[in-house]
Amino acid sequence: MTDKTSNQMWGGRFAAGPDAIMEAINASIGFDQRMAAQDIAGSRAHAAMLAATGVITDNDAEAIREGLLTVLSEIDSGNFTFSTALEDIHMNVEARLKEIIGEPAGRLHTGRSRNDQVATDFKLWVRDQLDAAASGLEVLIKALLDQAAAGADWVMPGFTHLQTAQPVTWGHHMMAYVEMFGRDLSRVHDARARMNESPLGAAALAGTSFPIDRDMTAKALGFDRPAANSLDAVSDRDFALEFLSVASICAMHLSRFAEELVIWSSAQFRFVTLSDRFSTGSSIMPQKKNPDAAELIRAKVGRIFGANTALMMVMKGLPLAYSKDMQEDKEQVFDAADNWMLALAAMSGMVKDMTANRDSLAAAAGSGFSTATDLADWMVRVLKVPFRDAHHVTGALVAMAEARGCDLPDLSLADMKSVHEGISDDIFTVLGVENSVNSRLSYGGTAPEQVRAQVARWKKTLG
C-alpha cells in the first residue's frame, strides 16, 4: 500500500505520509497479524448487528460478510500481503475489504473505534489461549495421574532442604504436582470467566450515538455480557496481565518439576529414565544422555516472568483511556503464550514417556534415617512419652546408628534399650519404609490407599 492509501485510512488528517522511522515505530502488523481471525470474527459480528439495528442495510452487511470471508481465506492460504504503511491488522483487513467490495466497506467501522476493536480482538485471542492452556493442563494432569496410579505403593525418599526426610510413595509425589497443576487449571478457568466481557461498542472511549446492540455482539462472540463502562473497556488490559500471571505461576510449577527431573535422571540418583524423545546426547561424551527438554522448560520461565513484568511496566503509568503505549501489550503476551504452550506439551510428553526406577527409589527410601520420625511417633503413641523427649531419644539413636555405619532398623533391641528402657520389639513394626508409608493414613497422606483415593477423586473431577 502507498502512503496515499495510508493517509486515506486516516481520513485525510495528515498532508504527508509518515517517514520510515515513524512508520517503523508506529506499525504493529508484524506481530498483531496473529489476531486476524479474531479481528474478522469481531467485524462480522459488528456488521450483523449494524444491519439488525438498521444502521446499515442488509445488502451492505451481506457484502461485508462475504468480503471478510474472502479476506480470511486469503490470510489463511498465505496469499494476503500485509502492509506496514497500514499499521495494524485492523486497517490491513479494512483496506483489503474495500478493494474487494468497494463502498460498503466504509460502513463497517460505524459505531466503533480501533480502540474497542483492538481490545475485543485481543480479548478473543487471549481467551483462545486460556482454552488451549486448560486443555494442555488437563493432558498433563492425566499423565501424572497415570504415573501416580502405577506407583501408588512404590516407596521413595521424601525430601526437605533436598535432604532425606521421611519415606513417601512415588504416587504421592506425582499427586503433589497434580495438586499444583490443578490450581493452575482453576486459575485458568477463573481468569477466563473474569475477562469474558465484550469491549465492542465502547467505541473510542465514550460509547456511540448510533443505536447499537452491544448484547447482540457480545453474544455472537461468546462473551457473557458487554463491558459496563466504555472508558474501562478500551483501557483495560487486566485480562492480559492475569493471563501472564497465571502463566507465570504455572511456569514456576513446570520449572520445579523440571528441576526434579534433571536431578532424578542423573547418574547419582537414577530415580527416573527419560525417553530418547526428550533427551539429547553429547557431541564429545558418548555416555551422556542429557535432559535437555526439562532444562529448556526450566529456562523458559524467565521469558514468561519477563513478559509479566514488562506489561506491568507498560500499564503502570497510563491515564484513562487509551494510549499508544498499549500497542506494546501484545508481543509480550504472544511470546509468553507460545512458550507456555510449548512447555506444557513438552512436560506432558516427558511424564507420559518417563520410567520410574522402582528399585532405585526403594533403595534410596531407607537411607538417611528416614524412619526416625516413625520411631519418635511410636514412643509418643505407645510409651506415652512427650514428643520432645521422644525426639531427643530418637536423635541419640540416630547418632548411635550413624557412628556404627548402619540404619535405625539395623540396631538391636539391646542397643535401643540402652537409650530408653521402655522400647520393645514392637518398634521394629514401624521402622521399615513400607511400614512407614502404610501408616500415613491421614487425609492427604502418603499411604497407598490415600494416594489411590486422591487419584480416583481427580479422575472423577476431570471426567
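So, a few notes on the structure that sits alongside this text. (Residues numbered from 1 in each chain as written. Predicted model: local features only at pLDDT ≥ 70, side-chain atom pairs only at ≥ 80, totals over all residues. Heavy atoms only, no water.)

### Some remarks on the overall build of the chain
Just so we agree on the cut-off: Only DSSP runs of H or I with at least four residues qualify as helices, and only runs of E with at least two residues qualify as strands; both kinds are numbered from the N terminus onward. Only C-alpha atoms enter the radius of gyration; for comparison, a globular chain is expected to reach 2.2 Å times N to the power 0.38, where N is the number of residues. Here's how the labels work: a residue is buried when its accessible area is under 20% of the maximum for its type, exposed when over 50%, partly exposed in between, all with a 1.4 Å probe on protein chains only. Surface exposure here means Shrake-Rupley accessible area, sampled with a 1.4 Å probe, where a residue is shielded only by the protein chains that are shown. Only four residue types enter the tally: Lys and Arg on the positive side, Asp and Glu on the negative side, with His and both chain ends excluded. Every charge is mapped onto a representative atom, which is NZ of Lys, CZ of Arg, CG of Asp or CD of Glu.
Assigned secondary structure in the chain consists of 20 helices and six strands. For 463 residues, the compact-globule estimate of 2.2 N^0.38 gives 23 Å, and the C-alpha radius of gyration of the chain, at 31 Å, exceeds that figure by more than 25%. With the principal axes as the frame, the chain shows a C-alpha extent of 100 × 50 × 40 Å. Residues counted as buried form 49% of the 463 residues belonging to the chain. Within the structure as shown, the chain displays about 21300 Å² of accessible surface, and the carbon and sulfur contribution to it stands at 53%. Separation of charge centres in the chain, based on 44 positive and 59 negative side chains, amounts to 2 Å.

### With respect to the pattern of salt bridges
Where charged atoms of side chains with opposite charge meet at close range, the side chains can pair. Defined as follows: Basic side-chain nitrogens of Lys or Arg form a salt bridge, by our definition, when they fall within 4 Å of a carboxyl oxygen of Asp or Glu.
Under the definition given, this model contains 24 salt bridges. One salt bridge connects Lys330 with Asp329, and the closest N-O pair in it is separated by 2.8 Å. Each member of the pair, Lys330 as well as Asp329, is classed as buried. Where salt bridges share partners, they join Asp60, Glu103 and Arg107 into one cluster.

### Some words on unusual backbone geometry
In the segment running from Leu320 into Ala321, the intervening peptide bond is cis, with an omega of 5°. Checked against the element boundaries, Ala321 lands in the loop between α12 (292-315) and α13 (330-353). Even without being a glycine, Arg270 presents a positive backbone phi close to 55°. Positionally, Arg270 belongs in the loop between α11 (238-264) and β5 (272-273).

### Overview of α11
What sets the pattern is the α-helix's 3.6 residues per turn: residues three or four places apart point alike. Note the threshold: Helix span, as expected, comes to 1.5 Å for every residue beyond the first.
Spanning 27 residues, α11 covers 39 Å between terminal C-alpha atoms, matching the ideal 39 Å at 1.5 Å per step. Among the 27 residues in α11, 19 count as buried, and that is most of the element.

### Quick look at the pairing of strand β2 (residues 163-169)
This is how the line gets drawn: When DSSP finds at least two bridges between two strands, those strands are taken to pair.
As paired strands, strand β1 (residues 155-160) and β2 are joined by five bridges and run antiparallel to one another. Following the sheet pairing, Phe159 is matched in β2 by Thr164. Linking two consecutive strands that pair antiparallel, namely β1 and β2, is a turn of two residues; a positive phi of about 60° is found at His161 within it.

### Considerations on the packing of aromatic side chains
Heads up, the rule is: Pairing of aromatic rings covers Phe, Tyr and Trp, the last counted by its six-membered ring, and requires centre-to-centre distances within 6.5 Å; plane angles under 30 degrees mean stacked, over 60 mean edge-to-face, and any other angle means tilted. Any Lys NZ or Arg CZ that is within 6 Å of a ring centre and within 35 degrees of that ring's normal is treated as a charge sitting over the ring.
Overall, the coordinates contain 11 aromatic pairs when judged by the stated rule. When the ring of Phe159 is compared with that of Phe269, the centres are 6.4 Å apart and the planes differ by 55°; the resulting orientation is tilted. Placement of Phe159 in strand β1 and of Phe269 in the loop between α11 and β5 is noted, with a sequence separation of 110 residues between them. Judged by its relative accessible area of 26%, Phe269 falls in the partly exposed class. Plain terms: the ring middles of Phe269 and Phe271 are 5.1 Å apart, the flat faces sit at 80° to each other, and that makes the pair edge-to-face. The rings of Phe159, Trp170, Trp264, Phe269 and Phe271 are connected pair by pair, giving a single aromatic cluster. Taking the ring centre of Phe334 as reference, the NZ or CZ of Arg34 above it sits at 4.9 Å. Between Arg127 and the ring centre of Phe223, over which it is positioned, the NZ or CZ distance is 4.9 Å.

### Overview of a nonpolar patch on the surface
To keep it simple, the criterion reads: Note that patches include only residues with greater than 30% relative accessible area and no salt bridge, and the join distances are 9 Å for like charges and 5 Å for nonpolar side chains (Val, Leu, Ile, Met, Phe, Trp, Tyr).
A surface patch of nonpolar side chains, about 270 Å² in accessible area, is lined by Leu205, Leu231 and Leu320. Locating Leu231 in the fold gives a position in helix α10 (residues 230-235). Under the relative-accessibility criterion, Leu231 is labelled partly exposed at 32%.

### Concerning the nonpolar core
Rules: Residues belong to a common nonpolar core when they are buried Ala, Val, Leu, Ile, Met, Phe, Trp, Tyr or Cys residues joined through side-chain atoms within 4.5 Å. Here a residue-residue contact requires only that any non-hydrogen atoms of the pair lie within 4.5 Å.
In this structure, Trp170, Phe181, Leu254, Phe257, Trp340 and Met347 are the most contacted members of the largest nonpolar core, which totals 99 residues. Those residues in contact with Met347, other than ones at most four positions away along the chain, are Leu140, Leu254, Phe257, Ala258, Leu261 and Ile297. By size, the runner-up hydrophobic cluster in this structure holds 20 residues, among which are Ala376, Met379, Leu397 and Leu408.

### Examining the packing of α12 against α13
Just so we agree on the cut-off: Between N-to-C directions, angles cover 0 to 180 degrees, with each direction set by a line fitted to C-alpha atoms, over the stretch in contact for helices. Comment on the angle field: the value is read as roughly parallel under 35 degrees, roughly antiparallel over 145, roughly perpendicular from 65 to 115, and oblique elsewhere. Handedness of a crossing is defined here by the sense of rotation of the near helix relative to the far one, left-handed for an anticlockwise turn of less than a right angle and right-handed for a clockwise turn.
Where α12 contacts α13, the axes come no closer than 9 Å and their chain directions differ by 155°. Classed by the angle they form, the pair α12 and α13 counts as roughly antiparallel. Relative to α13, α12 is oriented so that their crossing is left-handed. Packed against α12, whose contacting residues are Ala293, Ala294, Ile297, Lys300, Arg303, Ile304, Ala307, Ala310 and Leu311, the element α13 presents Gln332, Val333, Asp335, Ala336, Asn339, Trp340, Leu342, Ala343, Ala346, Met347 and Met350 at the interface.

Shape descriptors only; they carry no functional weight alone.
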